[in-house]
Amino acid sequence: MGQVQSGQRGMKKFTPQEISHKFATKCGSQFSGIELWAIKDIFRRNGKVFDGVYYWTEEDFIKFLGIPETTAESGRILYAMVHYLCTFPFLRPRHPPLTFSQVAPTTLTFENVVKVVVLFTGRYKGVLTGDYDFLKLLFCAVAYYEEVLADDKEFKEKKASRSSQEQERISEELQTQEKSRTGSDDEKMGFWAKKFTALANLTNLSGSVSSSSVSIGSSDTDIDEEFLNIDLENVSNWYDLDLIKSYDNIDIELLRISPTSLYHIFQLLLAIGPLLPQEPISTYSDHFAEPAIGRYRSIAKSMTQSFDPNWVLGNPTDHDSVLETGISYSRFYTAIKSVMPFAFDGLAVLFEHFLFNQRITPSSIETQQPPLIAIPAVVGSPPVDHPFASPKDHDGLEELNEDSGSAMILTPSKLLMAPSRLPEPTKLMNATMIAQLATFMDINSFQLYGGLKKLYVGSEAGFSMGSFEQKVFKWNAPTIVLISGYILAPEPKGARERAFSDLLPPIRYGSSTSLVTKRNGKVTYGAVVSTPWKISHKECFGDNSTALFQLEPVQDMFRSTGYNGNYVYFSKTLGLGFGNLPPKQHSHQNHGAPQYAFGDLSLTLEHALEFGVFRHIGSETFRSSQIRERVEFEDRFAITELEVWGCGADEVLREQARLWAWEEREALRRKTVNLPKDIEESRALLEMAGLVGGGGKRSGGSV
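## Remarks on the overall build of the chain
- For the chain, the helix and strand inventory stands at 23 helices and 20 strands.
- Contacts spanning at least 24 positions in sequence make up 77% of the contacts within the chain whose residues lie at least 6 apart.
- Only carbon and sulfur atoms are counted for the fraction: they give 50% of the accessible area of the chain, which is about 31,700 Å².

## Observations concerning the nonpolar core
- F61, F332, F344 and L448 are the most contacted members of the largest nonpolar core, which totals 120 residues.
- Once residues lying within four places of it in the same chain are set aside, the contact partners of L448 are I434, L437, A438, M441, I443 and I480.
- Among the nonpolar cores identified, the runner-up in size contains 35 residues, and F468, A477, V523 and F637 belong to it.

## Concerning the packing of aromatic side chains
- According to the stated counting rule, one finds 40 aromatic pairs in the structure shown.
- Judged by centre distance (5.2 Å) and plane angle (55°), the rings of F440 and F549 are tilted. In this pair, F440 is assigned in the loop between α18 (431-437) and β9 (453-457) and F549 in strand β12 (residues 547-552), connecting sequence segments 109 residues apart.
- Here the aromatic rings of F500 and F611 are separated by 4.9 Å at their centres, their planes lie at 20°, and the arrangement is stacked. Placement of F500 in helix α21 (residues 494-502) and of F611 in strand β19 (residues 611-616) is noted, with a sequence separation of 111 residues between them.
- Judged by relative accessible area, F500 falls into the buried class, the value being 7%.

## Describing the environment of L515
- Looking at the secondary structure, you find L515 in the loop between α21 and β11 (522-529).
- Classification of L515 as partly exposed rests on a relative accessible area of 36%.
- C-alpha of L515 to C-alpha of P309: the two residues are 206 residues apart in sequence and 7.0 Å apart in space.
- For L515, the contacting residues outside a window of four places in its chain are P309, V631 and F633.

## Regarding the pairing of β19
- Most of β19 sits inside the fold, with six of its six residues counted as buried.
- Burial of β19 is two-sided: the residues F611, V613 and R615 facing one way and the residues G612, F614 and H616 facing the other way are all buried.
- Judged from the five bridges that link them, strand β18 (residues 601-605) and β19 form a sheet pairing that is antiparallel. Looking across to β19, one finds that L603 is bridged to F614.
- Between β18 and β19, which pair antiparallel one after the other, the connecting turn spans five residues, and L609 there sits at a positive phi close to 55°.
- By the bridge criterion, six bridges tie β19 to strand β20 (residues 633-646) in an arrangement that is antiparallel. Of the residues in β20, the one forming a bridge with F614 is D635.

## Quick word on the confidence of the model for the chain
- Considering every residue of the chain, the mean pLDDT works out to 74; 65% of them sit at 70 or more.
- In this model, residues 173-225 is a region of pLDDT below 50 whose contacts with residues beyond four sequence positions or in other chains number 131 contacts.

## Brief notes about the pattern of salt bridges
- In total, this model carries 13 salt bridges according to the counting rule given.
- Between E35 and R123 there is a salt bridge; the shortest N-O distance is 3.6 Å. With E35 in helix α2 (residues 33-46) and R123 in the loop between α6 (110-120) and α7 (134-142), the pair connects residues that are 88 residues apart, well separated along the chain.
- In this structure E35 comes out as buried when scored by relative accessible area, which is 12%.
- Here R123 falls in the buried class, since its relative accessible area comes to 1%.
- For K454, the salt bridge is made with E460, and the minimal N-O distance between the two is 3.3 Å.
- Taken together, the shared-partner salt bridges in this structure form one network comprising E35, R123 and E352.

## A closer look at the environment of S330
- Its location among the elements puts S330 in helix α16 (residues 329-339).
- Given a relative accessible area of 12%, S330 falls into the buried group.
- Sequence separation between S330 and K136 is 194 residues, and the spatial gap between their C-alpha atoms is 9.9 Å.
- Here S328 takes part through its side chain, which lies 3.2 Å from a polar atom of the side chain of S330.

## Considering the packing of helix α14 (residues 259-271) against helix α15 (residues 292-304)
- Interhelical geometry of α14 versus α15 gives an angle of 135° and a closest axis separation of 8 Å. Between α14 and α15, the crossing angle belongs to the class labelled oblique. Regarding α14 and α15, the two cross each other, and that crossing is right-handed. Packed against α14, whose contacting residues are P259, L262, Y263, F266, Q267, L270 and A271, the element α15 presents I293, Y296, R297, I299, A300, K301, M303 and T304 at the interface.

## Observations regarding unusual backbone geometry
- In this structure, the amide linkage connecting F88 to the following residue, P89, adopts the cis form with an omega of 15°.
- Counting through the fold element by element, P89 comes out in the loop between α4 (72-85) and α5 (100-103).
- Unlike most non-glycine residues, Q447 shows phi in positive territory, near 50°.
- With respect to the element layout, Q447 can be found in the loop between α18 and β9.
- The exposure class assigned to Q447 is buried, which follows from its relative accessible area of 15%.

## Observations regarding α6
- In terms of residue burial, α6 counts as a mostly covered element, since 11 of its 11 residues are buried.
- Each element contacted by the buried residues of α6 is listed here: α1 (16-28), α2, α4, α7 and α17 (345-351).
- Once α6 ends, the next one or two residues include G122, with phi positive near 90°.

## Remarks on the packing of α4 against α6
- Running from N to C, α4 and α6 cross one another at 105°; their axes reach a closest spacing of 9 Å. One finds that α4 runs roughly perpendicular with respect to α6. Side by side, α4 and α6 meet where M81, V82 and L85 of the first sit next to V116, L119 and F120 of the second.
- Of the residues in the contact of α4 with α6, the class split is six nonpolar, no polar and no charged.

Quick notes on the rules
Each chain has its residues counted from 1, following the order in which its sequence is written. Only residues with pLDDT of at least 70 get local features here, since the model is predicted, and only at 80 or more are side-chain atom pairs given and counted; chain-wide, interface and lining totals rely on the full set of residues. The side-chain values count all of the structure's non-hydrogen atoms but skip hydrogen atoms and water molecules. Here a strand is any run of E in DSSP of at least two residues, a helix any run of H or I of at least four, and the numbering for each starts at the N terminus. In what follows, a contact means two residues having at least one pair of non-hydrogen atoms within 4.5 Å. The protein chains shown are the only cover counted for residues, whose accessible areas, like all others here, come from Shrake-Rupley with a 1.4 Å probe. In this description, a nonpolar core means a group of buried Ala, Val, Leu, Ile, Met, Phe, Trp, Tyr and Cys residues linked to one another through side-chain atoms lying within 4.5 Å. Note on exposure labels: buried denotes an accessible area under 20% of the residue type's maximum, exposed denotes more than 50%, and partly exposed covers the range between, all computed with a 1.4 Å probe on protein chains only. Only rings of Phe, Tyr and Trp enter the pairing, Trp through its six-membered ring, and a pair is recorded when the two centres are within 6.5 Å. The plane angle decides the type: under 30 degrees is stacked, over 60 is edge-to-face, the rest tilted. One bridge is not enough; two strands pair if DSSP finds at least two bridges between them. The pLDDT value expresses, per residue, how confident the predictor is, ranging between 0 and 100. A pair is scored as a salt bridge if a Lys or Arg side-chain nitrogen falls within 4 Å of a carboxyl oxygen belonging to Asp or Glu. Any N or O atom pair separated by 3.5 Å or less is treated as a polar contact, with the protein-specific requirement of one donor-capable and one acceptor-capable atom, and with residues adjacent in sequence counted only for side-chain atom pairs. Lines fitted to the C-alpha atoms define the axes, with helices restricted to the stretch that makes contact. Angles between their N-to-C directions range from 0 to 180 degrees. Put simply, angles under 35 degrees are roughly parallel, angles over 145 are roughly antiparallel, angles from 65 to 115 are roughly perpendicular, and the rest are oblique. What makes a crossing left-handed is the near helix being turned counterclockwise from the far one by less than a right angle; a clockwise turn instead makes it right-handed. Any residue that is not Ala, Val, Leu, Ile, Met, Phe, Trp, Tyr, Cys, Pro, Asp, Glu, Lys or Arg is counted as polar, Gly included; the first ten are nonpolar and the last four charged.

Structure below.
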């Protein structure tokens, strides 16, 4: 394992502990001097000391981040992820544990914290300058080992003889077969048992290895260390090492993520959506209390069912109630990239908290504190001085100062946003909705925090095409359309539903809610329209940046294919739609009512804004779902709310503000008549026009 360039002689051998230590030293160079001081001070003030060693427990970690009790399970899973990444670049335990307690998370050292902060904040790009896939590493940190696949001889034989593309297909086939098996011991295990059984079983893929999880004060001098032949003295890019390129030779196809674990992670990240690095989580304490936390949980459920529509949240304390099929890496990667590419951005903001310390300056570090020394990474190894005890205590770190490493800070878009200012909340657009939109919409391009402008709300302005036109058509920047409703019964109820049903083709497909386990009939759809709205009776408007999305019961995204230009139409008599042409209006049939012909992937609202239809049977103007391929459905729903919000980048919003100001000035100018200041002169002007004087006998104004 990890034996790259092992054929070269004269190369110095390193123990895993030494390799991990050197990687941590390299990570330290990605921080400025003041940032290192800040991390050290935070670690000292919030941790514990044992025999001269500083360390953090799970309780210390969760307490520092301020994760509330209502998301306690999220905090525990996050700590497990952090503890797993502490051994990076080694991603497997180097000695098979005998019991569960031997691999359960114990403590974090300062060296561990430095590494995970570099990884989670994106600064790893200064160390691993190649095309390193952090999403894959994140998957490994949450995943557990799937014993069914590991023991499947047919799976191993097929994998050895097929291309990488077919390997993914085979993995998906096996995953489908597993859905029929429920109630096995492996499926009933909770997150912790799965996670650490996984670590134990992933040690037999490339030869025997040895290591162990440790706790304070543990020692075992009988365990031999494995020496690896790696040229660390001349390495300029750690990504060039096979140890890192291969993710420590972990077989990714044997790993699965628990949907329940994803649910808890999403729940926390949604609740801290507007969080800035310098803000404590307590700033948004209302997000973790009812009713807000209930809404975040509902969104987290929709996001999780994007990975597994059959998943049902069980009681986390009752393993018998958690029956689920694990999520493979191929499905995880597809769902994240196509549906929620920014879902994990909140992790970067969360770990930036380690770099914001209001009280720390280099001169304020107490010199009498115990030194920051590492807890042994291998049982039986003597403690060694930690390289970050002082910027001058270790070779290679002498040059660290306030300027060094700052150029390597690579922060996600969320770190660049202005202080969060939510718009006046409505039924649909509120803090929870913005958090969900931010998982797939760039918050800076769309100004989700602070730049949204309420244009039209059906429950306030009235559900009519006229009100829609009056409120929306003056906005020349991008708009976000949100539509919520509930699925209509197959048989129409009432005159209105029957009249609407008569305009539609026969029902041939089930609803999206019927494909999801234990969900009510509520649906929420939306659209992003980047061009100004206009009347379009015969042809559509919009461009290839127009997109549709679904938020409930499953989060999904439908982007433009570029196949045709049937993006959006708007007509007072025909309604509005996305992905199809305006319906034809017959004067003799159905009293002139429109006859709808839906596109293969389309969203249509009838002219009274009372009913809508979303069809998903293939790709046309918009691409069909990448997470529900070959799944056909059609949602016919009654509209309960319709909202349109203006958005856009700063320059777009400024241009829109200038346009509105100009229109207001023009309207005021047209209302103002410039009359002469002299009253007699004004009267003479009106008499000449025949408007006053003469007892009304003069006609005036005629030629």
